Amino acid sequence: MSDIDVTDQSAIADLEQDIASAIMRAEDEAGLEEVRIAALGKKGSVSELLKSLGAMSPDERKVMGPAINGLRDRVQGLITHRRAALKTKALEARLATETVDVTLPVREAAAETGRVHPIAQVMEELTAIFADMGFSVAEGPDIEDDFHNFTALNFPPGHPAREMHDTFFLPPGSDGQRKVLRTHTSPVQVRTMQTKTPPIRVICPGRTYRCDSDQTHTPMFHQVEGLVIDKGAHLGHLKWILEEFCKSFFEVEGVKMRFRPSFFPFTEPSMEVDIQCDRSRPGEIRFGEGSDWLEILGCGMVHPNVLRNCGLDPDEYQGFAWGMGIDRIAMLKYGMSDLRAFFEADVRWLSHYGFRPLDFPTLAGGLSA
Ligand code: 2U9
């Protein structure tokens, strides 16, 4: 193109004509891209013209500047328009040629391979149930310091839980504090109370670690704890929340619950809670009926020492908390017998007890589809 007289408007018009017809001749996007590069590319005919503006006299540039910039914009417009037309044409061609044989068996959608682990599924179910009651999910580190895992929770010095037989200890951190693998998710509630102003409504699901491993205990297991701190939060609220949880989680209309006095350093009063069930049929547990009882969680009013340790005035605020083993309630609900299988990554077990990825638990859609 360098042979055209760049100050000659008619030559510019001819060039525009050539480019326009080349654009219309382009059969597909690839062809159009070649035309675009030949015109607007680094060495493109229009780009060369634009560069020539620099060498022109001011008068010439006053005339040719708008002419050449106008050309560039019009060419760009034509290309954009043509590309859209080619896209539509290509799609129509595909639609015309591609017939879908609806009689073909449905291939298991790729997403369907693999299963959601029962622990993950139950964590989703818990999150949906408590979110419906205004709870948010709080998380924290698996490696904790002595204060957040024990001291803040009113564990007196020398309390057996602080000993090796119960707790995995790690070398002290830079702050000289002994580090532990958290033995419960309660440190998360401590951190929440240290950082948030009441009212507080959180559930804290996560991994927890204890040295004791036998037929029914594994060194790592999963817990979910809950915490409500407010000016007037009382045991009545706790009972209602736990009853609502049990009805939703075990998917029964009604369920009797039994609250038995107990003791935890971090709650006063403390209770263990049993749920009504029927175990008369071998290998099967029915909830919300029958005359049997099954312990599913512990709970209580947050101990005033714990409130103080977390910077809250027990005369202004009070609250309650509960804790349960996720592995345990998953086994109860979905009828698994061996806790170890949860950790053995046996695909046969997972494909049998696992959940389809798209079966996302929602209260509206029914928790376990
Ligand atoms: C704060 C204050 C109080 C959490 C609680 C329990 C009772 C409890 C066990 C259930 C089964 C542990 O997995 S398990 O063995 N937990 O019984 N947990 S009250 O109380 C708290 C937590 C945090 C700040």
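Reference entry: report on the structure contained in this document.

## Some details on the packing of helix α1 (residues 9-25) against helix α3 (residues 45-52)
Consideration 1: One can describe the packing of α1 onto α3 by two numbers: an axis separation of 11 Å at closest approach and a directional angle of 155°. Looking at the two axes, α1 sits roughly antiparallel to α3. In terms of crossing hand, the pair formed by α1 and α3 is left-handed. On α3, the residues that touch Ile12, Leu15 and Ile19 of α1 are Ser45, Val46 and Leu49.
Consideration 2: In the contact of α1 with α3, the residues fall into 5 nonpolar, 1 polar and no charged.

## Some remarks on the site of the ligand
Consideration 1: Surrounding the ligand, one finds 18 residues, the nearest of these being Met193, Gln223, Phe266, Gly298 and Gly323.
Consideration 2: Contact with the protein chains covers 87% of the free accessible surface of the ligand, which is 560 Å².
Consideration 3: Counting residues per element, the ones that place at least two in the shell around the ligand are α7 (186-195), β6 (220-230), β10 (292-302) and β11 (318-325).
Consideration 4: With 5 residues, β11 is the largest single contributor of residues to the shell around the ligand.
Consideration 5: By residue class, the composition of the shell around the ligand is 10 nonpolar, 7 polar and 1 charged.

## Focus on the pairing of strand β5 (residues 200-209)
Consideration 1: In terms of residue burial, β5 counts as a mostly covered element, since 8 of its 10 residues are buried.
Consideration 2: Relative to β5, strand β1 (residues 136-137) is paired through 2 bridges, and the arrangement is parallel. Across the sheet, the residue bridging to Ser136 is Val202, located in β5.

## Here's the deal with the pattern of salt bridges
Consideration 1: Inspection of the entire model under this criterion finds 25 salt bridges.
Consideration 2: Close ionic contact of Asp146 with Arg178 constitutes a salt bridge, the shortest N to O distance being 3.4 Å. Taken as a pair, Asp146 in helix α6 (residues 146-149) and Arg178 in the loop between β3 (169-170) and β4 (179-181) lie far apart in primary sequence, 32 residues in all.
Consideration 3: On the accessibility criterion, Asp146 (10% relative accessible area) is buried.
Consideration 4: Judged by its relative accessible area of 38%, Arg178 falls in the partly exposed class.

Cut-offs applied
- Residues numbered from 1 in each chain as written.
- Predicted model: local features only at pLDDT ≥ 70, side-chain atom pairs only at ≥ 80, totals over all residues.
- Heavy atoms only, no water.
- Axes fitted to C-alpha atoms, helices over the stretch in contact; angles between N-to-C directions.
- Helix = DSSP H or I, 4+ residues; strand = E, 2+ residues; numbered from the N terminus.
- Parallel < 35°, antiparallel > 145°, perpendicular 65-115°, else oblique.
- Left-handed = near helix turned anticlockwise from the far one by under 90°.
- Contact = heavy atoms within 4.5 Å.
- Nonpolar A, V, L, I, M, F, W, Y, C, P; charged D, E, K, R; others polar.
- Near = heavy atom within 4 Å.
- Areas by Shrake-Rupley, 256 points an atom, 1.4 Å probe, with all protein chains shown as cover.
- Buried < 20%, exposed > 50% of the residue type's maximum accessible area, 1.4 Å probe, protein only.
- Pairing = 2+ DSSP bridges.
- Salt bridge = Lys/Arg side-chain N within 4 Å of Asp/Glu carboxyl O.

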